[in-house]
Amino acid sequence: MKKILYAGLLAGFGIMSGCASPFPMGALYTELKLPVAATANGGERKHGVAECKSVLGLVATGDCSIETAKKNGGISKVSTVDWEGKNILGLFGEYKLHVYGE
């Protein structure tokens, strides 16, 4: 009976961690910052953030668009866009889009 239980647990972890993802993802905990885009625009460095949240893997809310981050930072010309995410057990997630520019 124990062998079946262990085999089931291993199969479950394999299924959870074996899925393809566009970014690194931990089955238990994920916290990362990744680049999204960069342009030739330079100059003054203003910073805008847009946020989204996920609860229990069932409900996700927020606006993580570049336009919202630009508005929040008073940015008209984007130089770089970065993405930040934190997720615990797939139950609670917080995601932020950072936009820099002038």
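Everything below is about the structure shown above.
Keep in mind that what you see is a predicted model, and the values were worked out from it rather than measured. All residue numbers refer to positions counted from 1 along the written sequence of the respective chain. Thresholds applied to this predicted model are a pLDDT of at least 70 for local features of residues and 80 or more for the giving and counting of side-chain atom pairs; totals over whole chains, interfaces and linings are not thresholded and use all residues. Excluded from the side-chain calculation are hydrogens and water; included are all heavy atoms of the structure.

> Which parts of the structure should I look at to understand helix α2 (residues 66-73)?
The periodicity of an α-helix, 3.6 residues per turn, causes residues three or four positions apart to be oriented the same way. Considered for burial, the residues of α2 that qualify are A69, K70 and G73. Angularly, the buried residues of α2 cover 100° about the axis, an arc narrow enough to put them on a single face. Of the exposed residues in α2, the ones pointing more than 90 degrees away from its buried face are E67 and K71. Any two residues whose heavy atoms approach within 4.5 Å are treated as being in contact. Labels follow the DSSP assignment, with helices taken as runs of H or I lasting at least four residues and strands as runs of E lasting at least two, numbered in each case from the N terminus. Elements that come into contact with the buried residues of α2 comprise β2 (46-55), β4 (78-88) and β5 (92-101). Once α2 ends, the next one or two residues include G74, with phi positive near 65°. Relative accessibility decides the category of a residue: with a 1.4 Å probe and only protein chains considered, values under 20% of the type maximum give buried, values over 50% give exposed, and everything between is partly exposed. By construction, the arc corresponds to the directions joining the helix axis to the C-beta atoms.

> In this structure, what is going on with the packing of aromatic side chains? I would like to understand it.
Within a pair of aromatic rings, the relevant descriptors are the distance that separates the centres and the angle that separates the planes. Here a Phe, Tyr or Trp ring, Trp counted by its six-membered ring, pairs with any other such ring whose centre lies within 6.5 Å, and the pair is stacked when the planes are under 30 degrees apart, edge-to-face when over 60, and tilted otherwise. This model, assessed by the stated rule, comprises 1 aromatic pair. When the ring of W83 is compared with that of Y95, the centres are 6.2 Å apart and the planes differ by 25°; the resulting orientation is stacked. Taken as a pair, W83 in strand β4 and Y95 in strand β5 lie far apart in primary sequence, 12 residues in all.

> Would you mind going over the pairing of β5 with me for this structure?
Two faces make up the sheet, and in a regular strand the side chains alternate between them. Sheet topology note: the β2/β5 ladder contains 10 bridges and is antiparallel. Across the sheet, residue V49 finds its bridge partner in β5, namely H98. What makes two strands pair is DSSP finding at least two bridges between them. Judged from the 10 bridges that link them, β4 and β5 form a sheet pairing that is antiparallel. Within the sheet, the bridge partner assigned to E84 lies in β5 and is K96. Once β4 ends, the chain turns through 3 residues before running back antiparallel as β5, passing L89 with a positive phi of about 55°.

> Honestly, the state of the cysteines in this entry has me stumped. Any pointers?
Covalently bonding the sulfur atom of one cysteine to the sulfur atom of another cysteine gives a disulfide. Defined by distance alone, a disulfide is two cysteine sulfur atoms within 2.5 Å. Considering all chains together, one arrives at 1 disulfide under this definition. Between the sulfur atoms of C52 and its disulfide mate C64 the distance is 2.3 Å. Here C52, found in strand β2, pairs with C64, found in the loop between β3 (59-62) and α2; they are 12 residues apart in sequence, far enough to count as distant. Owing to a relative accessible area of 26%, C64 belongs among the partly exposed residues under this scheme.

> Would you take a moment to explain the nonpolar core for this structure?
One broad trend across soluble globular proteins is that nonpolar side chains are buried collectively. Ranked by size, the top nonpolar core spans 7 residues in total: A50, A69, I75, V78, V81, L97 and V99. Only β4 and β5 provide two or more residues apiece to this core. As used here, the term nonpolar core means buried Ala, Val, Leu, Ile, Met, Phe, Trp, Tyr and Cys residues forming a set that is joined through side-chain atoms within 4.5 Å.

> Can you walk me through the sheet that holds β3 in this structure?
Within a sheet, neighbouring strands are paired by backbone hydrogen bonds and run either parallel or antiparallel to one another. Strand order in the open sheet formed by 5 strands is β1-β4-β5-β2-β3, with antiparallel pairing between adjacent strands. What marks the edges here is a single partner per strand, and that holds for β1 (29-38) and β3. Going across the sheet, the axis of each strand differs from the next one's by a mean of 15°, ignoring polarity. Where α2 meets the sheet, its contacts fall on β2, β4 and β5, and the angle it forms with β2 comes to roughly 130°. To obtain an axis, a line is fitted to C-alpha atoms, over the contacting stretch when the element is a helix, and the angle between two such axes runs from 0 to 180 degrees between their N-to-C directions.

Honestly, that's just the spatial picture; any functional story needs more than this.
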